[in-house]
Amino acid sequence: MMRRALVKIVFVVLCFALPVRPQADLIDVNSRKAAPDFTLADSKGTAVKLSNYRDRVVLLDFWATWCEGCKVEIPWYMEFQKKYKESGLSVVGVSVDEDGWKSVKPFLEAKQVNYPVVIGDWDLAGRFGITALPVTLLIDRNGKVADKDAFDREIQILLKDSAAKEPAK
């Protein structure tokens, strides 16, 4: 009987001592920097401009067909695109394959990738501070980099935020 009472007391104390929701490992809102903009064509020739994704959370994946870690992550990102698209998430892939669409198009078709992929290069990757693969950036609804190598919890937190109303320029 005493043991049961002690367990209840410990449980109640832990409920008040532990945070309700663990903090995400996101960059502080005031410290976030604007993501460099780019416009590149996808596999169908449609222009993909990063700044057109304002008001959406963007999971920006830098990858290549020869990168084994990248191949592991792509199915996760396809699932995120499917699961969170209606909530405001857009996944965009940037391949840095040197032979461009020659390698990338067959890969996309075989994997049935469900989000836009563009061909970039290491100069573009460098503008994002990327020097190795795989690297995934999470960009908030205001176009600012909120996290590198983002995961599900961070995506959900950003999707709940609304875009800040910035003064007109």
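Residues numbered from 1 in each chain as written. Predicted model: local features only at pLDDT ≥ 70, side-chain atom pairs only at ≥ 80, totals over all residues. Heavy atoms only, no water.

### Details of helix H3 (residues 101-111)
The cut-off we apply is this: Partly exposed residues are those whose accessible area sits between 20% and 50% of the maximum for their type, while under 20% is buried and over 50% is exposed, using a 1.4 Å probe and protein chains only. Put simply, DSSP marks the helices as runs of H or I at least four residues long and the strands as runs of E at least two long, and each gets a number from the N terminus on. Here the arc refers to the set of directions running from the helix axis out to each C-beta atom. Any two residues whose heavy atoms approach within 4.5 Å are treated as being in contact.
Where H3 is concerned, the buried positions are Val104, Phe107 and Leu108. Seen from one end, H3 has its buried residues packed into an arc of 100°, which puts them on one side. Relative to its buried face, H3 has exposed residues pointing more than 90 degrees away, namely Lys102, Glu109 and Ala110. Taken together, the buried residues of H3 touch strand E3 (57-63), helix H2 (68-84), strand E4 (89-95) and strand E5 (117-119). Looking one or two residues past H3, Gln112 carries a phi angle of roughly 55°, positive in sign.

### Describing the confidence of the model for the protein chain
Do not read the predicted coordinates in detail wherever pLDDT is low. Rules: pLDDT is defined as a per-residue confidence score from the predictor, taking values between 0 and 100.
Per-residue confidence for the protein chain gives a mean pLDDT of 84; residues scoring 70 or more make up 78%. Overall, residues 2-23 carries pLDDT values under 50, and its contacts beyond four positions in sequence, including any with other chains, amount to four contacts.

### Examining the state of the cysteines
Threshold: Criterion for a disulfide: a pair of cysteine sulfur atoms at a distance within 2.5 Å.
A complete count under the given rule lists one disulfide for this structure. Each sulfur in the disulfide pair Cys67 and Cys70 lies 2.4 Å from the other. Handedness here is read from the sign of the S-S torsion; for Cys67 and Cys70, about 80°, the answer is right-handed.

### Quick word on the sheet that holds strand E7 (residues 145-148)
Where we set the bar: Any two strands are treated as partners once DSSP identifies two or more bridges connecting them. What counts as an axis is a line fitted to C-alpha atoms, over the stretch in contact for a helix, and the angles between N-to-C directions run from 0 to 180 degrees.
Spatial strand order, E5-E4-E3-E6-E7: five strands in an open sheet with mixed pairing. Each edge of the open sheet carries a strand with a single partner, namely E5 and E7. Neighbouring strand axes in the sheet, compared pairwise and without regard to direction, differ in orientation by 25° on average. Where E3 and strand E6 (residues 135-139) come together, five bridges link them in antiparallel fashion. Bridge pairing in E6 places Leu60 opposite Leu137. Contacts from H2 reach E3, E4 and E6, with the element oriented near 160° to E3. Across the sheet, H3 touches E3, E4 and E5, and the angle it forms with E5 is around 170°.

### Observations concerning the pattern of salt bridges
How we decide: Definition used for salt bridges: Asp or Glu carboxyl oxygen within 4 Å of a side-chain nitrogen of Lys or Arg.
On inspection of all chains with the given rule, the structure shows three salt bridges. Of the charged contacts, one joins Arg32 and Asp140 as a salt bridge, the two residues approaching to 2.8 Å between their closest N and O atoms. You can see Arg32 sitting in the loop between helix H1 (2-17) and strand E1 (39-41) and its partner Asp140 sitting in the loop between E6 and E7, a full 108 residues away along the chain. We classify Arg32 as buried; its relative accessible area is 10%. Close ionic contact of Glu79 with Lys82 constitutes a salt bridge, the shortest N to O distance being 3.9 Å. Here Lys82 and Glu79 lie together in helix H2, a separation of three residues that amounts to about one turn.

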